[in-house]
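# Overview (structure and organization)
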Amino acid sequence: MGRKAVVAAILAAAAVCAVAGVAVGRRVRSKRKWGRVIGVLKDLEDSCDTTVGRLKQVVDAMAVEMHAGLASEGGSKLLMLLTFVDNLPSGREKGTYYALDLGDTYLMALRVQLGGHRPSILVHDVERQSIPEHLMTSKGEDLFNFIASVLEQFIEREQNGSGFPLDKRRNLAFTLSFPVKQTSISSGILMKWTKGFSIDDMVGKEVVECLQDALMRRGLNVRVDTLVNDTVGTLVVGHYHDVDTVAAVVIGTGTNACYLERTDAIIKCQGLLTASGSMVVNMEWGNFWSSHLPRTSYDVDLDADSPNPNDQGFEKMISGMYLGEIVRRVILRMSQDSDILGHVTSKLSVPFILSTSLHKDCSWRSFLHCYSSARNHCSFPLSIFRTSLMAAMHEDDSPDLMEVNRILRDTLEVPEVPLKVRKLLVNVCDVVTRRAARLTAAGIVGILKKIGRDGSVGITGGKSRSDSKMRRTVVAIEGDLYTKYSMFKEYLDEAVDEILGGEVAQHVILKAVDDGSGIGAALLAARNSPEDVDTAQML
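Residues numbered from 1 in each chain as written. Predicted model: local features only at pLDDT ≥ 70, side-chain atom pairs only at ≥ 80, totals over all residues. Heavy atoms only, no water.

### Quick look at the overall build of the chain
- Assigned secondary structure in the chain consists of 18 helices and 13 strands.
- Relative to its 539 residues, the chain shows a buried fraction of 57%.
- Taking all contacts inside the chain whose residues are at least 6 apart in sequence as the whole, residues at least 24 apart take part in 70%.
- Put simply, the chain shows about 21,700 Å² of open surface, and 52% of that area lies on carbon and sulfur atoms. (Helix = DSSP H or I, 4+ residues; strand = E, 2+ residues; numbered from the N terminus. Buried < 20%, exposed > 50% of the residue type's maximum accessible area, 1.4 Å probe, protein only. Contact = heavy atoms within 4.5 Å. Areas by Shrake-Rupley, 256 points an atom, 1.4 Å probe, with all protein chains shown as cover.)

Structure below.
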């Protein structure tokens, strides 16, 4: 072999080695990047860990905070608001009653006819009207004028075949899904707005008066005789169908809980007397906080970027408004630490719009529509990674996770990624959802502990309740996370069983409720109507 041939052979060998070295280097770098991504997932799993031991600590903390909130105003992050609902419907109510339900981005109007025996409920008409975005941040009078106009149109349309004269007075219940300090069953002062509403001139005002004035301006012969929180409405419907219902939880866009408490345990209102000896308490549990909650760096950053930092901490970990945003932040972190999704897109970097209203077609009041639309290539505002999309990814049962691939492409503008990456992202959704569901379960058991229905003595204002620890107990649950998101429901139910143990858990029934906020309000309107033979006694 000549010198040239030797040199050529050496150069060729060097080139081969160089190419091989580059390939090996790429594989090493790729493994390192993948290792970093797996590390992000592992850190998330560790930070979101919800062992039974930790959940029981959350249970204890919830019960203690409930006790403190009942003892004094401002004694707890839980407001523990009185509702003045002391007599729940008996099932013997008769007549036609109306309700307006204001919550999230929809206003719901409905008419309920009661036949005088449980469970004779005929909902003749239900109408949902999206709230114009500008009204969510304008003036109170504008909002209530809109509400009155919706009711007026609703009443006018029902004349065809309803048999209810237009000039006859109607009894109306008003459901308001925001913190209100009630002063009676038919009056209350708005404490603050949540869920994207921000109408400053309404805070501190009597909301029933505002609605009644708006109805009078429209010339409507309607009397607002009941004011109720949406969660209380859920409890009322649950109790109407099952008298063993003692608590209710709403878990959708936001979250809240209420329960039936003995009046002698409401220490901050000494001398409070009710005919039944009990009253429904609106917990406003979205603001619950405890050092035992498994908080991550993503939760800290989300809270800091929100319009209400250091507020609604529990809600930001478990409710539909925030779960998708948490997942987006995790995916963004993974993308920044590696190139598993290619270049970081501008869509992936856009946070959830928390300070303004939600897109009307993706309201969590209509989660099922949003969830189904996600599966059917509906066009969303692509800068927002919504919880409905997270749920669709999480429950994608196609062999190649093509729904995950479609959502990444259409929503985040991420090109097709390998199957292992899709599986990784589904794991992220699973971790975030599982934590939310299990913490919700701990909150529920905390309520049961407070009233002595968890199999222990409980915290009941110093009185033993061991006699009630094995009684049949029903908790009504409303909200699309529980009723439409099967994995969330499965994790929640599982955690309640784990915390209580099989012997006690068999006596605790979680029942899904639909449209409880509106129908429950109408039931209370019937209960409080002078025409009803079992009218609730004056407090």
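Here the narrative resumes, following the displayed structure.
### Quick look at the packing of aromatic side chains
- Across all of its chains, the model carries seven aromatic pairs by this definition.
- Aromatic side chains Phe144 and Phe174 sit 6.3 Å apart centroid to centroid with 70° between the ring planes, which places their arrangement in the edge-to-face category. A residue pair is termed long-range when its members are at least 10 positions apart, and Phe144 in helix α3 (residues 140-157) and Phe174 in strand β5 (residues 170-176) qualify at 30 residues. Both residues of the pair, Phe144 and Phe174, count as buried.
- Three or more aromatic residues joined by ring pairs form one cluster here, namely Phe178, Trp193 and Phe197. (Phe/Tyr/Trp six-rings, centres within 6.5 Å; stacked < 30°, edge-to-face > 60°.)

### Overview of the sheet that holds strand β11 (residues 278-282)
- Within the open sheet, the six strands sit side by side as β1-β11-β10-β9-β12-β13. Their pairing is mixed. With one partner strand each, in any of the chains shown, β1 (81-82) and β13 (508-512) form the two edges of the open sheet.
- With five bridges joining them, strand β12 (residues 473-478) and β13 adopt parallel strand pairing. Its bridge partner lying in β13, Ile477 is registered against Ala512. (Pairing = 2+ DSSP bridges.)

### Section: the packing of α3 against helix α5 (residues 207-217)
- As a packed pair, α3 and α5 sit with axes 8 Å apart at the nearest point and diverge in direction by 55°. In terms of orientation, α3 lies oblique with respect to α5. In this structure, α3 meets α5 at a crossing whose hand is right-handed. On α5, the residues touching Glu141, Phe144, Asn145, Ile147, Ala148 and Leu151 of α3 are Val207, Cys210, Leu211, Ala214, Leu215 and Arg217.
- For the contact of α3 with α5, a count of residues per class yields nine nonpolar, one polar and two charged. (Axes fitted to C-alpha atoms, helices over the stretch in contact; angles between N-to-C directions. Parallel < 35°, antiparallel > 145°, perpendicular 65-115°, else oblique. Left-handed = near helix turned anticlockwise from the far one by under 90°. Nonpolar A, V, L, I, M, F, W, Y, C, P; charged D, E, K, R; others polar.)

### Some remarks on the side chain of Thr234
- Counting through the fold element by element, Thr234 comes out in helix α6 (residues 230-241).
- Discounting chain neighbours no more than four positions away, the residues touching Thr234 are Ala248, Val250, Ala476, Glu478, Val513, Gly516 and Ser517.

### Notes on the nonpolar core
- If you look at the biggest cluster of nonpolar residues, it comprises 123 residues, and the most contacted ones within it are Tyr259, Met283, Trp285, Met334, Leu341 and Leu492.
- In terms of residue count, the dominant contributor to this core is helix α14 (residues 419-450) (17 residues).
- Non-local contacts of Trp285, meaning those with residues more than four positions away in its chain, are made with Met62, Leu78, Val249, Thr255, Asn256, Ala257, Phe314, Thr440, Gly443, Ile444 and Ile447.
- Judged by nonpolar contacts, the second largest core, of 37 residues, contains Tyr98, Leu102, Ala214 and Leu227. (Core = buried A, V, L, I, M, F, W, Y, C linked by side-chain atoms within 4.5 Å.)

### Brief notes about unusual backbone geometry
- Unlike most non-glycine residues, Phe84 shows phi in positive territory, near 60°.
- Structurally, Phe84 is set in the loop between β1 and β2 (94-103).
- Although it is not a glycine, Leu401 sits at a positive phi angle of roughly 55°.
- Assignment of secondary structure puts Leu401 in the loop between α12 (387-394) and α13 (402-412).
- Assessed through its relative accessible area of 10%, Leu401 is described here as buried.

### Structural notes on empty space enclosed by the protein
- Summed over the entire model, instances satisfying the criterion amount to two cavities of 30 Å³ or more.
- Reported here for the largest cavity is a volume of approximately 140 Å³.
- Taken together, 15 residues line the largest cavity, and the ones lying closest to its centre are Ser177, Lys195, Thr255, Asn256 and Glu284.
- Of the residues that constitute the lining of the largest cavity, the class distribution is three nonpolar, eight polar and four charged.
- Volume-wise, the second largest cavity comes out at about 60 Å³.
- Along the walls of the second largest cavity sit Leu82, Thr83, Leu176, Phe178, Val180, Gln182, Leu227, Val228, Asn229 and Asn282, which together make up its complete lining.
- Of all the secondary-structure elements, those providing two or more residues to the lining of the second largest cavity are β6 (180-184) and β8 (222-228).
- Considering only residue class, the lining of the second largest cavity consists of six nonpolar, four polar and no charged. (1 Å grid on protein atoms, 1.4 Å probe; cavity = no way out; pocket = protein on both sides within 12 Å on 5 of 7 lines; lining within 4 Å. Points joined across faces, edges and corners; volume = space filled by probe spheres on them.)

### Things to note about the confidence of the model for the chain
- Scored by pLDDT, the chain has a mean of 84; 82% of the residues are at 70 or more.
- Predicted confidence for residues 458-469 stays below pLDDT 50, and this span has 28 contacts to residues more than four positions away or in other chains.
- A low-confidence stretch, residues 532-539 (pLDDT under 50), is modelled with 24 contacts involving residues beyond four sequence positions or located in other chains. (pLDDT = per-residue confidence, 0-100.)

### Details of the pattern of salt bridges
- Counting across every chain of the model gives 29 salt bridges.
- One salt bridge in this structure joins Glu73 and Lys268, with 3.9 Å as the shortest N-O distance. Remark: Lys268 occurs in the loop between β10 (255-262) and β11 and Glu73 occurs in the loop between α2 (52-71) and β1; sequence separation between them is 195 residues.
- Among the residues examined, Lys268 registers a relative accessible area of 18% and is labelled buried.
- Among the ionic pairs, Arg262 bridges to Asp264, the shortest N-O distance being 3.0 Å.
- Classification of Asp264 by relative accessible area gives partly exposed; the value is 45%.
- Several salt bridges converge on common partners, so that one network encompasses Asp242, Asp244, Arg472 and Lys511. (Salt bridge = Lys/Arg side-chain N within 4 Å of Asp/Glu carboxyl O.)

### Re the packing of α6 against helix α18 (residues 516-527)
- Closest axis-to-axis distance for the α6/α18 pair is 7 Å, and the angle between their directions is 70°. Comparing the axis directions of α6 and α18 gives the class roughly perpendicular. Contact residues: Asp230, Val232, Gly233, Thr234, Val236, Val237 and Tyr240 in α6; Gly516, Ser517, Ile519, Gly520, Ala521, Leu523 and Leu524 in α18.

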